[in-house]
Amino acid sequence: MQTKSSIRPLAVTAMLSAVGCVLMMLDFPLPMLIPSFVKMDVSELPALLASFSLGPVYGVTVCLVKNILAALFHGSTGGIGEVCNFLIGAVFTGVAGALYKHRKNRRNAVAASLVGAAAMALVSVPVNYFISYPVYAAMFGGIDAILAAYQELRPGTDGLLECLLVFNMPFTFVKGLIDAALCFLIYKPLSPILHGRR
């Protein structure tokens, strides 16, 4: 019985990681809101489910495994996109899961999700500024080409930091809110699977 109870979280984590990888591949651009190389996906949804049902360590693990899988099967950025996605997603799911762990009710789940989404949005700025965008600039024609894409949406945008604060940070926050909203919609129906109840 103890062996089954120890295997179940690992099996659920593996399943959610695979789903997260698939969702990561189903990303899509929103060119009217943000340059098309920044894409929307809901791949943190399975990790948030893991954080709330199993604990924050499992949520962060789902983020890690789904990015490893994505890099192996779909990597188009030399792995840097997956590294940054992991860092940002781990903050979201880790913070939300840690806050929810101390008081497991719907109200605290909402609050934890909001704080996690805000933390993810804030962390996205230094992660993109110091890691992803310098690498992308080296790979895809320089920082001026990246800035030009933002300036098409908002003429007068000056500098990478302003781009990240005006566009990427709100976009990332909304992305977290969408993941959280979907989590609340499907958590209860999936609860028997996540918690091993029949």
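Residues numbered from 1 in each chain as written. Predicted model: local features only at pLDDT ≥ 70, side-chain atom pairs only at ≥ 80, totals over all residues. Heavy atoms only, no water.

A. Structural view of the pattern of salt bridges. With the rule as written, the count across this model stands at four salt bridges. Here E44 and K66 are joined by a salt bridge, their closest N and O atoms 2.9 Å apart. Here E44 is found in the loop between β2 (39–40) and α2 (45–53), whereas its partner K66 is found in helix α3 (residues 56–74), with 22 residues between them in sequence. The class of E44 is buried, set by a relative accessible area of 1%. For K66, a relative accessible area of 0% gives the class buried. Look at the salt bridges and you will find they share partners, linking D41, E44, K66 and K175 into a network. (Salt bridge = Lys/Arg side-chain N within 4 Å of Asp/Glu carboxyl O. Helix = DSSP H or I, 4+ residues; strand = E, 2+ residues; numbered from the N terminus. Buried < 20%, exposed > 50% of the residue type's maximum accessible area, 1.4 Å probe, protein only.)

B. Expanded view of the nonpolar core. Judged by nonpolar contacts, the single largest core of 42 residues is most densely connected at L16, L48, L49, F52, Y133, Y150 and C183. Of all elements in the fold, only α1 (2–25), α2, α3, α4 (80–102), α5 (106–139), α6 (143–153) and α7 (160–195) reach the threshold of two or more residues within this core. (Core = buried A, V, L, I, M, F, W, Y, C linked by side-chain atoms within 4.5 Å.)

C. Molecular detail of the environment of L182. Considering the arrangement of structural elements, one finds L182 in helix α7. Taking the C-alpha atoms as reference, L182 lies 23 Å from L10; in sequence the two are 172 residues apart. With near-sequence residues (within four places) excluded, L182 lies in contact with V42 and L45. (Contact = heavy atoms within 4.5 Å.)

D. How the structure looks around the packing of aromatic side chains. This model, assessed by the stated rule, comprises seven aromatic pairs. Their ring planes at 50° and their centres at 4.7 Å tell us that F52 and Y100 sit as a pair that is tilted. One end of the pair, F52, is in helix α2; the other, Y100, is in helix α4, with 48 residues separating them in the sequence. Here the two residues F52 and Y100 agree in accessibility, since each one is buried. Clustering of aromatic rings is evident, with ring pairs tying together F37, Y133, Y136, Y150 and F167. (Phe/Tyr/Trp six-rings, centres within 6.5 Å; stacked < 30°, edge-to-face > 60°.)

E. Summary view of α6. Along α6, the positions that sit buried rather than exposed are I146, L147, A149 and Y150. Projected down its long axis, α6 shows its buried positions confined to an angular sector of 150°, all on one face. Of the exposed residues in α6, the ones pointing more than 90 degrees away from its buried face are D144 and E152. Looking at the buried positions of α6, the neighbouring elements they touch are α5 and α7. (Arc of directions from axis to C-beta.)

F. Structural detail: the state of the cysteines. Going through the model one piece at a time under the given rule, you end up with zero disulfides. C84 takes part in no disulfide bond, and the closest cysteine sulfur, belonging to C63, lies 13 Å away. For the unlinked cysteine C163, the closest cysteine sulfur is that of C84, found at 16 Å. Overall, C163 belongs to the buried group, its relative accessible area being 0%. (Disulfide = S-S within 2.5 Å.)

G. Structural detail: the environment of L72. For L72, the location among the structural elements is in helix α3. The class for L72 is exposed, based on a relative accessible area of 64%. For the pair L72 and E162, spaced 90 residues apart in sequence, the C-alpha to C-alpha distance is 33 Å.

These values are about where atoms sit, not about what they do.
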